[in-house]
Amino acid sequence: AQSVTQLGSHVSVSEGALVLLRCNYSSSVPPYLFWYVQYPNQGLQLLLKYTSAATLVKGINGFEAEFKKSETSFHLTKPSAHMSDAAEYFCAVSDPDTGANSKLTFGKGITLSVRP
Amino acid sequence: NAGVMQNPRHLVRRRGQEARLRCSPMKGHSHVYWYRQLPEEGLKFMVYLQKENIIDESGMPKERFSAEFPKEGPSILRIQQVVRGDSAAYFCASSPTRTGVQPQHFGDGTRLSIL
């Protein structure tokens, strides 16, 4: 069974500082990986995805993530935090070899706070 | 382009009543997924449906919960005889193909409160 680990439940950074949100996965095969963002009382919005192409993936709003197979990691970064980045962030995986069974497995999420 | 539409946004039920949650996928999407988000937890997969078929219901509780995606109309998640523990946000997602190639697009969810 696949699993996703997001260390820590809350990260606080100053506006303009580097954002680093960690995600590690366990999977028997290299999975597809996703980062989603959730604003209060809203659904999840896709930030970026990794589907076995380039290991460095660029997403929306200046975010990017790097797939490292040797570390089974897919950490999310942004060089300079903005107040509007305050939200909850979820890492998710799906197994490309499961055919029609294409459910996403989510981490518990990380709440990002941005200090002025 | 309309996104994934869920209604109602908020639903209040008393213990023992039935809850019906509706999801209209994005235009052209025939794959629907339901997830449940409990407080301070990530989303947990419940069920995956294609038109008129349940593909994977491994995350559905064995009793009281059912889902359908008819040929015409929205997908319905039905919870019978609700209990306090059913209070959660329920999200629907859709994709045109199985996930991995095309990402799932999420609706804004239905927040179910049980009195």
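For the structure itself, look to the data block above.
In this report, the structure presented in the accompanying data block is examined.

Definitions and limits used
- Residues numbered from 1 in each chain as written.
- Chains lettered and ligands numbered in written order.
- Predicted model: local features only at pLDDT ≥ 70, side-chain atom pairs only at ≥ 80, totals over all residues.
- Heavy atoms only, no water.
- Core = buried A, V, L, I, M, F, W, Y, C linked by side-chain atoms within 4.5 Å.
- Buried < 20%, exposed > 50% of the residue type's maximum accessible area, 1.4 Å probe, protein only.
- Helix = DSSP H or I, 4+ residues; strand = E, 2+ residues; numbered from the N terminus.
- Contact = heavy atoms within 4.5 Å.
- Buried area = accessible area lost by both parts, 1.4 Å probe.
- Salt bridge = Lys/Arg side-chain N within 4 Å of Asp/Glu carboxyl O.
- Nonpolar A, V, L, I, M, F, W, Y, C, P; charged D, E, K, R; others polar.

1. Here we look at the nonpolar core
Grouped burial of nonpolar side chains is what soluble globular proteins tend to show.
Step number 1: One finds Trp35, Leu47, Leu48, Phe74, Leu76 and Tyr89 of chain A to be the most contacted residues of the largest nonpolar core, which totals 26 residues.
Step number 2: Of all the elements in the fold, those that place two or more residues in this core are strand 3 (19-21), strand 5 (32-38), strand 6 (44-50), strand 8 (64-68), strand 9 (73-78), strand 10 (87-94) and strand 12 (110-115) of chain A.
Step number 3: Broken down by element, the residue count for this core peaks at 4 residues, all from strand 10 of chain A.
Step number 4: Within the second largest apolar cluster, 23 residues are counted, among which are Val4, Val32, Ile79 and Tyr90 of chain B.

2. Digging into the interface of chain B and chain A
Step number 1: The partner chain A presents 23 residues to the 23 residues of chain B that form the contact.
Step number 2: When chain B packs against chain A, close to 1900 Å² is buried across both sides, 54% of that on carbon and sulfur atoms.
Step number 3: Counting across the interface, chain B meets chain A through 0 salt bridges.
Step number 4: Residue classes in the side of chain B that touches chain A are distributed as 10 nonpolar, 7 polar and 6 charged.

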